[in-house]
Amino acid sequence: MIYLDNAATTMKKPQCVIDAVVSAMTTFGNASRGAHESALTTSRVIYQARKKVATFFNCPKSEQVAFTCNSTEALNIAIFGALREGDHVITTELEHNSVLRPLFRMASEKGIRIDFVKADRNGSVRCEDFYALFRPDTRAVVCTHASNLTGNRLDIARIGALCDKRGALLIVDASQTAGATPIDMEAMKISILCFTGHKSMMAPQGTGGICIRGDIDVRPFKTGGTGVQSFLRTQPEEYPTRLEAGTLNGHGIAGLSAAVDYLNEVGVSAVEEKETGLMRRFYEAVVSVPKVKIYGDYSGNPRSPIVALNIGTLDSAIVADELATSYGIATRAGAHCAPLMHKALGTEEQGAVRFSFGWFNTESEVDEAARAVREIAQSIE
Amino acid sequence: MRKKEYFLIIAFHSTHDAMAFEETCHDRGAEGRLIPLPKEISAGCGLAWCAQPDAEESLTGILAQAGIIPQEKRVCLV
């Protein structure tokens, strides 16, 4: 199989990640629950993982990195925990439902008011449009770092500088960029970074986290056992404990820790260069094919390694199924949990076929995928 | 069952602080180890650093250097 669904999850993981998980599954006790060696071993691995993640994203305080099971959980913690009743929030039409649904729920239950930065027909947003939406009571900008549909990337550093100037929080969904491009929370003025481990970071599913820069009161999304302060009726105040009720995914976090080591070894910039190269190779090979329509900004702005397209008026689901069954190529069809992005692109009905490239893909796989697209396009009336 | 003795016990606000302190102590060759939080310090659960009472000065210095504010630090019979 040629796996080109890396924006959903990276299927192939580095061997060191697999080894770390296997080792953890035979040696780990429960972190923060007891002082026997197997519990301490787990606590130490999680502590080191926290430090590595903090360094990886330049989050100033490692204790303000809390582990979650994915970006969605991190975003829920950030949105429900940092926003307050009646706040004004700016977001974009590029967002995934992991941002949209928590915001819509906050609007419905807590009366927050949301303004959207509009996307054009290429799925791009202009930084100037963020400026225009700011109000005196704007509490936060909540936005993705890159569209999971088009791959278009936002200029987070510029948005961060604006938020910093206006005294607003910047909450970033880094699902499509963590591990795929360098992220520096300090330099980009990111207040809260939400990431997942199982995509470009090449860690196990069920890993991710929320990184908090500075003195931000994020109320716990869930409460429960922490292994400390057991007679306290409320969740302990200290980070990261306040955001980590319940047993952590220690096995997965061991894999995440190894994945960060791996990324540091190969270099995130090297990952970005390779993945971008594969994406560009595929784009160049299919952009001129008759009946193929590609969505997104390819003018030279930084982008994530995604190419979304349609072939004629074919249902994207039919195309993805043909790619899977006749060519052994895994892609993702449909709406990609990005309803506003599809509306902006005019693809609500047809959806789109998303090809997303990863560190372990090869040029020959890209060429094979391009050949398949050409053949399908040629086969229709 | 060993007999009770006097030890210096340092309790922490979080497991993260306990891990950070352990790492710093190991880096500096300081003595002691993590134990379950004794009830003499606090009821409940958590981790505490247990060391000989005469290590108080050096461990207090390590706490300060590591930027860790302990929940409690005292000599007690455990």
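Analysis parameters
Residues numbered from 1 in each chain as written. Chains lettered and ligands numbered in written order. Predicted model: local features only at pLDDT ≥ 70, side-chain atom pairs only at ≥ 80, totals over all residues. Heavy atoms only, no water. Axes fitted to C-alpha atoms, helices over the stretch in contact; angles between N-to-C directions. Helix = DSSP H or I, 4+ residues; strand = E, 2+ residues; numbered from the N terminus. Parallel < 35°, antiparallel > 145°, perpendicular 65-115°, else oblique. Left-handed = near helix turned anticlockwise from the far one by under 90°. Contact = heavy atoms within 4.5 Å. Nonpolar A, V, L, I, M, F, W, Y, C, P; charged D, E, K, R; others polar. Pairing = 2+ DSSP bridges. Domains from an automatic or database assignment. Buried area = accessible area lost by both parts, 1.4 Å probe. Salt bridge = Lys/Arg side-chain N within 4 Å of Asp/Glu carboxyl O. Phe/Tyr/Trp six-rings, centres within 6.5 Å; stacked < 30°, edge-to-face > 60°. Buried < 20%, exposed > 50% of the residue type's maximum accessible area, 1.4 Å probe, protein only. Lys NZ or Arg CZ within 6 Å of the ring centre and 35° of its normal.

A.B. asks: Would you mind going over the packing of helix α9 (residues 268-286) of chain A against helix α12 (residues 363-379) of chain A with me for this structure?
C.D. replies: Residues and elements named next belong to chain A. Between α9 and α12, the least distance of the axes is 9 Å, while the angle of their chain directions is 25 degrees. In terms of axis orientation, α9 runs roughly parallel to α12. Crossing angle aside, the handedness with which α9 passes α12 is right-handed. Facing α9, whose interface residues are Leu-278, Arg-281, Phe-282, Ala-285 and Val-286, α12 presents Glu-363, Val-366, Asp-367, Ala-369, Ala-370, Val-373 and Arg-374. Across the contact of α9 with α12, the residue classes break down as eight nonpolar, no polar and four charged.

A.B. asks: What's the story with the sheet that holds strand β1 (residues 6-11) of chain B in this structure? I'm lost.
C.D. replies: Residue and element names in this part refer to chain B. Within the open sheet, the four strands sit side by side as β2-β3-β1-β4. Their pairing is antiparallel. Of all the strands in the sheet, just β2 (33-36) and β4 (72-77) have a single pairing partner and so form its edges. Strand-to-strand twist in this sheet, taken as the mean axis angle between neighbours without regard to direction, amounts to 35 degrees. Across six bridges, the pairing between β1 and β4 is antiparallel. Paired with Phe-7 across the bridge in β4 is Cys-76.

A.B. asks: Just to check I follow, could you spell out the domain arrangement of chain A for this structure?
C.D. replies: Interface size is commonly expressed as the accessible area that is lost once the parts come together. All names here are of chain A. Here chain A is described as being made up of domain 1 (2-10 + 267-367) and domain 2 (15-266). Placing the centre of domain 1 and that of domain 2 at their C-alpha centroids yields a distance of 26 Å. Taken together, the contact between domain 1 and domain 2 spans 35 residues of the former and 38 residues of the latter. With both chains or domains summed, domain 1 and domain 2 bury close to 3,000 Å², and 54% of this area falls on carbon and sulfur atoms. Sorting the residues of domain 1 by area buried against domain 2 places Val-268, Leu-340 and Met-341 first, and these three jointly supply 19% of that buried surface. At the surface where domain 1 touches domain 2, the tally comes to one salt bridge. With a shortest N-O distance of 3.0 Å, Glu-272 and Arg-153 are connected by a salt bridge.

A.B. asks: What should I look at first to understand the packing of aromatic side chains in this one?
C.D. replies: Aromatic ring pairs are defined here through the distance separating the ring centres and the angle between the ring planes. Residues and elements named next belong to chain A. With the rule as written, the count across this model stands at ten aromatic pairs over all chains. Relative to Phe-357, the ring of Phe-282 lies with its centre 5.5 Å away and its plane at 50 degrees, an arrangement referred to as tilted. One end of the pair, Phe-282, is in helix α9; the other, Phe-357, is in the loop between β12 (353-356) and α12, with 75 residues separating them in the sequence. Take Phe-282 and Phe-357: they sit in the same class, and that class is buried. Within the aromatic cluster, the residues linked to one another by ring pairs are Phe-56, Phe-57 and Phe-195. Above the ring of Tyr-298, the side-chain terminus of Arg-303 is found at 3.8 Å from the ring centroid.

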